[in-house]
Amino acid sequence: MLPDEPPRRRTSFLRTLGPGLITGAADDDPSGIATYSQVGAQFGYTLGWTIPFSYPLLVAIQGISAGIGAVTGQGIAQNLRRHYPPWVIRFAVLLLLVANFINIGADLAAMGAALRLLVGGSQLFYAIVFGLLCTGLEILISYRRYVTVLKWLTLSLFAYVAVVLAVDVPWAAALRGVAIPQFVFDSDHAMALVAILGTTISPYLFFWQAGEEVEELHRRHLARLGTHPRAAGAELARIRTDTLFGMGFSHLIALFVIIATAATLHANGITQIETSAQAAEALRPIAGEFTFAVFAVGIIGTGMLAVPVLAGSAAYAVAEMFRWPEGLDRRPREAKAFYATIAAATLGGVALSFTALDPIRALYWSAVINGVLAVPLMAIMVMMASSPRVMGRLTAPWWMVLVGGLTVLVMALATIGFLVL
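Residues numbered from 1 in each chain as written. Predicted model: local features only at pLDDT ≥ 70, side-chain atom pairs only at ≥ 80, totals over all residues. Heavy atoms only, no water.

### Thoughts on the pattern of salt bridges
(1) Moving on: Inspection of every chain in the model, using the stated rule, returns six salt bridges.
(2) Moving on: Between Arg220 and Glu216 there is a salt bridge, with its nearest N and O atoms 2.8 Å apart.
(3) Moving on: Note on Arg220: relative accessible area 25%, which makes it partly exposed.
(4) Moving on: Its salt-bridge partner being Arg220, residue Glu235 comes within 2.0 Å of it at the nearest N-O pair. Highlighted residues: Glu235 in helix H13 (residues 233-264) and Arg220 in the loop between helix H12 (203-219) and H13, separated in sequence by 15 residues.
(5) Moving on: Glu235 sits in the buried class, given a relative accessible area of 4%.
(6) Moving on: Taken together, the salt bridges that share partners define one network made up of Glu213, Glu216, Arg219, Arg220, Glu235 and Arg238. (Salt bridge = Lys/Arg side-chain N within 4 Å of Asp/Glu carboxyl O. Buried < 20%, exposed > 50% of the residue type's maximum accessible area, 1.4 Å probe, protein only. Helix = DSSP H or I, 4+ residues; strand = E, 2+ residues; numbered from the N terminus.)

If you want it as structure tokens, here you go:
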């Protein structure tokens, strides 16, 4: 649970990075890139402070998620099933499935649109190909190799660093926006704040990182940490480092997207962006072909990372609810229903492209669903993490419980604001 004690054994920094890094990078999916692009285009640098503000909130809640998985040896849904009434897990899994389904569809559509901008052709065809590719990689590649693939895909996020380096940024104004909170109490600013928090702190990340920590235990042939609490220090320290770095990486990229679009789109009077592909297209006449191409390639790379995480988190939740064999470390024939859920979630997202559903409206309702689910789910997770009945002797430290509770409060107020405005 991100403890303060030093690890008892040391390992290389790169080897400590895994579930936390992948989870953080997946947080910057194409839908998230669209949100950060809109914030930068509409408000310039003035809301840059929201990124460092949300960082400790995400670190605390993801640390709690990871700790629950590693200490109990079970994912979030399995712990819900064990310790709470059946309707709780049914409610949580149903909302997660609907939100992930919509999010996958939106991300695949954004990836297809980005490739169409780069090479021409059919956006729908590309979305189908990306959906099939993501499904095939997640099902057919062994867990050890697949984690390596996902780690390499995190490098695609550096595309947004390259964009910032390629454009003229007034760094004094950009840093002032990061360091000094500026906020106007009107509906536009309130909606932007809600959008940033909702994009940053999403339920699918909780289920994924907890599930991946269980996978890591299996991969390294370790017992759940609650079995031998005195020997758990090194593994908990790994989780701490991985989570701090992964969420920090995610937030740094989000900040670069805001700065890039503020320096280009906002500075040239373009203040309305609905999709990440639209943001890339708007960059072409302002910042040049290189910047446009790098931004578009980044959308594809982040989508290739995020779609499997979205589908995988849904599969973990469903399998744990029905007590099916689960895990990416299992072969497909050993966990047929688990992998079938991955395929259904991904290809179901592709199917959304064939409907008349407005993708922007769909993302709105996905955000509503995530908000409705995130608040009670985080509250339950904080209670589980601080409960000796669940965690044994490895309960969360007091500061994590405190920040986790603050995260619940902030997200509750944000969700209320989202629904009222």
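### Focus: the packing of aromatic side chains
(1) Moving on: In total, this model carries nine aromatic pairs according to the counting rule given.
(2) Moving on: An angle of 65° between the planes, with centres 6.1 Å apart, marks the rings of Trp49 and Phe53 as edge-to-face.
(3) Moving on: In textbook terms, an aromatic cluster arises when at least three aromatic residues are bridged by ring pairs, as seen for Trp208, Tyr316, Phe338 and Tyr339.
(4) Moving on: Over the face of the ring belonging to Phe292 we find Arg284, whose NZ or CZ atom lies 3.9 Å from the ring centre. (Phe/Tyr/Trp six-rings, centres within 6.5 Å; stacked < 30°, edge-to-face > 60°. Lys NZ or Arg CZ within 6 Å of the ring centre and 35° of its normal.)

### Focus: helix H15 (residues 289-322)
(1) Moving on: Over its 34 residues, H15 extends 50 Å from the first C-alpha to the last, a length consistent with the 50 Å expected when each residue adds 1.5 Å.
(2) Moving on: Within H15, 29 of the 34 residues are buried, leaving the element largely enclosed by the surrounding structure.
(3) Moving on: Just downstream of H15, Arg323 is the residue with a positive phi angle, here 60°. (Expected span 1.5 Å × (residues − 1).)

### Some details on the confidence of the model for the chain
(1) Moving on: The share of residues in the chain with pLDDT of 70 or more is 96%, and the mean pLDDT across the chain is 90.
(2) Moving on: Per-element averaging of pLDDT across the chain places helix H1 (residues 13-16) at the bottom with 71 and helix H4 (residues 50-72) at the top with 96.
(3) Moving on: Low pLDDT (under 50) marks residues 3-10, which in the prediction has 16 contacts with non-local residues, meaning those over four places away or in another chain. (pLDDT = per-residue confidence, 0-100. Contact = heavy atoms within 4.5 Å.)

### Observations concerning the nonpolar core
(1) Moving on: If you look at the biggest cluster of nonpolar residues, it comprises 141 residues, and the most contacted ones within it are Leu80, Phe295, Leu328, Phe338 and Met381.
(2) Moving on: A total of 18 residues in this core trace back to one element, the largest contributor, which is H15. (Core = buried A, V, L, I, M, F, W, Y, C linked by side-chain atoms within 4.5 Å.)

### With respect to unusual backbone geometry
(1) Moving on: For His221, which is not glycine, the phi torsion reads 55° and is therefore positive.
(2) Moving on: For His221, the position within the fold is in the loop between H12 and H13.
(3) Moving on: Notably, Arg323 is not glycine yet its phi reads approximately 60°, a positive angle.
(4) Moving on: If you trace the backbone, Arg323 turns up in the loop between H15 and helix H16 (336-351).

### Focus on the packing of helix H6 (residues 86-119) against H16
(1) Moving on: At a minimum axis distance of 7 Å, the contact between H6 and H16 shows a crossing angle of 60°. As the angle between them shows, H6 and H16 are arranged oblique. Handedness of the H6/H16 crossing: right-handed. Residue-level contacts link Phe101, Ile104, Gly105 and Leu108 of H6 to Ala345, Thr346, Gly348, Gly349 and Val350 of H16.
(2) Moving on: Across the contact of H6 with H16, the residue classes tally to five nonpolar, four polar and no charged. (Axes fitted to C-alpha atoms, helices over the stretch in contact; angles between N-to-C directions. Parallel < 35°, antiparallel > 145°, perpendicular 65-115°, else oblique. Left-handed = near helix turned anticlockwise from the far one by under 90°. Nonpolar A, V, L, I, M, F, W, Y, C, P; charged D, E, K, R; others polar.)

### Some points on the environment of Gly136
(1) Moving on: Tracing the sequence through the fold places Gly136 in helix H7 (residues 123-140).
(2) Moving on: Owing to a relative accessible area of 24%, Gly136 belongs among the partly exposed residues under this scheme.
(3) Moving on: Taking the C-alpha atoms as reference, Gly136 lies 38 Å from Ala412; in sequence the two are 276 residues apart.

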